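Architecture at a glance
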Amino acid sequence: MCDPRMVDARPFSLAMPNLQDELAQLRRGSLYWLACARVEDADRLCRQILAGMEASARAALVAGGRSPQLLLLGLDACQGPGELASCSFAEHRSAAVLQDLPKELERALRPRGRLLLLSLPAQVWSGFDQRWLLQWCMRMRAWLAERDCSLLVLTHAGSAMLYVRLQACSEYLAGLAQLYRQAGAIHYLVHFWRNELGVNGSCALELEEGTAGFAVRSQSAGPALPAAGDQQLCLALRETLEGAPALSEHWQLFDEPQALLARAMCAQTASVLLAIASNDRVGELARQLYALRQHCGAALKLVVRELEPCLRTPDEQVLLGCGANLVVPCGTRLPRFLTLLGTVQGQLWRGRLSADVEEFLCHRQPPPLRGVVPGGQFVAQVREILALERSDEARHLLLALSPVAGLSVAQTLGQCRLRRYGDFACVAGERLYLFLFGCPSEGLEVALGHVFRLPWRELFSGYEVLMGMDALWLDWPGGSAPNEAPPAAAIAPAPQPAGHGLVPAPRQVVLPNVLGVP
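Residues numbered from 1 in each chain as written. Predicted model: local features only at pLDDT ≥ 70, side-chain atom pairs only at ≥ 80, totals over all residues. Heavy atoms only, no water.

Points about the overall build of the protein
If you tally the helices and strands in the protein, you get 18 helices and 22 strands. When contacts within the protein are restricted to residue pairs at least 6 apart in sequence, long-range pairs at least 24 apart make up 73% of them. Just so you have it, the protein exposes about 23,900 Å², and 53% of that area is on carbon and sulfur atoms. (Helix = DSSP H or I, 4+ residues; strand = E, 2+ residues; numbered from the N terminus. Contact = heavy atoms within 4.5 Å. Areas by Shrake-Rupley, 256 points an atom, 1.4 Å probe, with all protein chains shown as cover.)

And the structure:
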């Protein structure tokens, strides 16, 4: 333990090798936010930051929805700060905890001069509107400044949409960054970062993963920004501006995509704004992006605006993997869209184009199937998709839905509108079976809201998520799918591991006045 009277006054750091101090240091009295796509990456970064702290430093770890000891597994006892406090809260109490977080931290930890790490799922923040989020950031910044603490919020799973919302809070955030995996690479995107060394704008880096954690990949000098005179030029489809006129003399608007693409082929560092309103255009748009990126190089800024809610995670991954710098989700208002456009200025695309675009698209696009299909076709198509599923891509969802009392399955079909390719359903017994291609679990209920005309809770008493083909075989009426025999693996008992495979659960320390006694 360190002497609390001898607190290290040096700035805290992300402790990421090869990351320059201007992007690594955390200013005391400030709020930083790092949005991770995967919980494993958020946990690993959390341990890496703690392991890199000096013995004279003090830190605190607050975990939402799980024990902080689980995050610390693998942290060497000889590493880390001299004093590390930890506490947790149940996920269903998140709203109450976050609302009074300064008060609860004061009671539980009395933090002074500490680095505070707050780890919790991104979906926790979905229940709060934009005004609440802005006020929360403002209050936290003021509280941190009074106590000479730095707070790094690490969110995981579903952080992409939250990342967009946080950009409107830049007045109160000292730093905002995103860590995600795409096309076999680990990307670290810094929106902005402020500390004692100055202010840094948008920056995209590629990371590598080692035994000690993440490090910035050492690269030879990348392609220099072309000495072109079109840095301020914006080439845009007219529909991306919602009917607004050209915003300045630097803007050129086009009514047809082909005219825009022909002009963009002559650009070097301009911004090119494309649009998509249906997921059956993903392949066509991906090929256009690939051609532009391959011909014009890494300095061209390619931005796609979603005009109708049609893209899911795999679709966005395809567009980004074929050269897009940014995919802006449907519902983003024009002022926010223009702000996001500003974040890619001066940015070089750091992705890697596949040698063959058709091969890249082959296993990443949904099948040309949608709507209600016969049971045999449903099973065959699900098996084919799951057999091609890659470990680094978003998972698909296989559901069984039971109608509410008084409604038949046939009646619920009248409210079903499966408009995306890869979303298809069938009826078997008294249940509706639904397959949603590339739908993340945290976005399931939103997706169901798009699939059914009436609120889905008025049609179904509930749903069950089936974990792959084996679960479908067992769940299907009669134990097997139409005209097929269930595989032996689907009904064989699971092998029992030798010895005891259970690990005692670690003790949780909860924030006072939030959780009741169990």
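A closer look at the pattern of salt bridges
Taken as a whole, this structure holds 22 salt bridges when the rule is applied. Measuring nitrogen to oxygen at the nearest pair gives 3.1 Å for the salt bridge that ties Arg-217 to Glu-206. With Arg-217 in the loop between strand E12 (213-216) and strand E13 (234-237) and Glu-206 in strand E11 (residues 203-210), this residue pair connects regions lying 11 residues apart in the sequence. By relative accessible area, which is 31% here, Arg-217 ends up partly exposed. The salt bridge partner of Arg-420 is Asp-315, with a shortest N-O separation of 2.8 Å. On the criterion of sequence distance, the pair formed by Arg-420 in the loop between helix H14 (409-413) and strand E20 (423-428) and Asp-315 in helix H10 (residues 313-321) is long-range, its members being 105 residues apart. (Salt bridge = Lys/Arg side-chain N within 4 Å of Asp/Glu carboxyl O. Buried < 20%, exposed > 50% of the residue type's maximum accessible area, 1.4 Å probe, protein only.)

With respect to the packing of helix H5 (residues 101-108) against helix H6 (residues 130-147)
Helices that pack against each other are described as a pair by the angle of their axes relative to one another and the distance between those axes. The N-to-C vectors of H5 and H6 enclose an angle of 30 degrees; their axes lie 10 Å apart at closest approach. What the angle tells us is that H5 and H6 run roughly parallel. Residues Leu-101, Pro-102, Leu-105 and Glu-106 of H5 touch H6, and the partners they reach there are Trp-136, Arg-139, Met-140, Trp-143 and Arg-147. A breakdown of the residues in the contact of H5 with H6 according to their chemical character gives 6 nonpolar, no polar and 3 charged. (Axes fitted to C-alpha atoms, helices over the stretch in contact; angles between N-to-C directions. Parallel < 35°, antiparallel > 145°, perpendicular 65-115°, else oblique. Nonpolar A, V, L, I, M, F, W, Y, C, P; charged D, E, K, R; others polar.)

Points about the nonpolar core
Trp-33, Leu-98, Trp-125 and Trp-136 are the most contacted members of the largest nonpolar core, which has 40 residues in total. Of the residues forming this core, the biggest block, 7 residues, is contributed by H6. Those residues in contact with Trp-125, other than ones at most four positions away along the chain, are Trp-33, Leu-98, Leu-120, Trp-132, Leu-133, Trp-136, Val-153, Thr-155, Leu-162 and Arg-165. (Core = buried A, V, L, I, M, F, W, Y, C linked by side-chain atoms within 4.5 Å.)

Examining the side chain of Thr-343
Within the element layout of this structure, Thr-343 appears in helix H11 (residues 334-343). A polar atom in the side chain of Thr-343 sits 2.5 Å from the backbone oxygen of Leu-340. In contact with Thr-343, other than residues within four places in its own chain, are Gln-167, His-191 and Ser-202. (Polar contact = N/O pair within 3.5 Å; in protein donor to acceptor, adjacent residues only side chain to side chain.)

Re the pairing of strand E4 (residues 58-64)
In terms of burial, E4 is largely enclosed, as 7 of its 7 residues are buried. With 7 bridges connecting them, E4 and strand E5 (residues 83-89) associate as parallel partners. Bridging from a neighbouring strand, Leu-61 pairs with Ser-86 of E5. (Pairing = 2+ DSSP bridges.)

Let's talk about the pairing of strand E9 (residues 185-195)
Extensive coverage of E9 is indicated by the burial of 10 of its 11 residues. Pairing geometry for E9 and E11, over 5 bridges, is antiparallel. Paired with Tyr-188 across the two strands is Leu-205, which belongs to E11. Where E9 hands over to strand E10 (residues 198-200), the hairpin turn is made up of 2 residues, counted between the paired strands.

Purely geometric numbers; function is a separate question.
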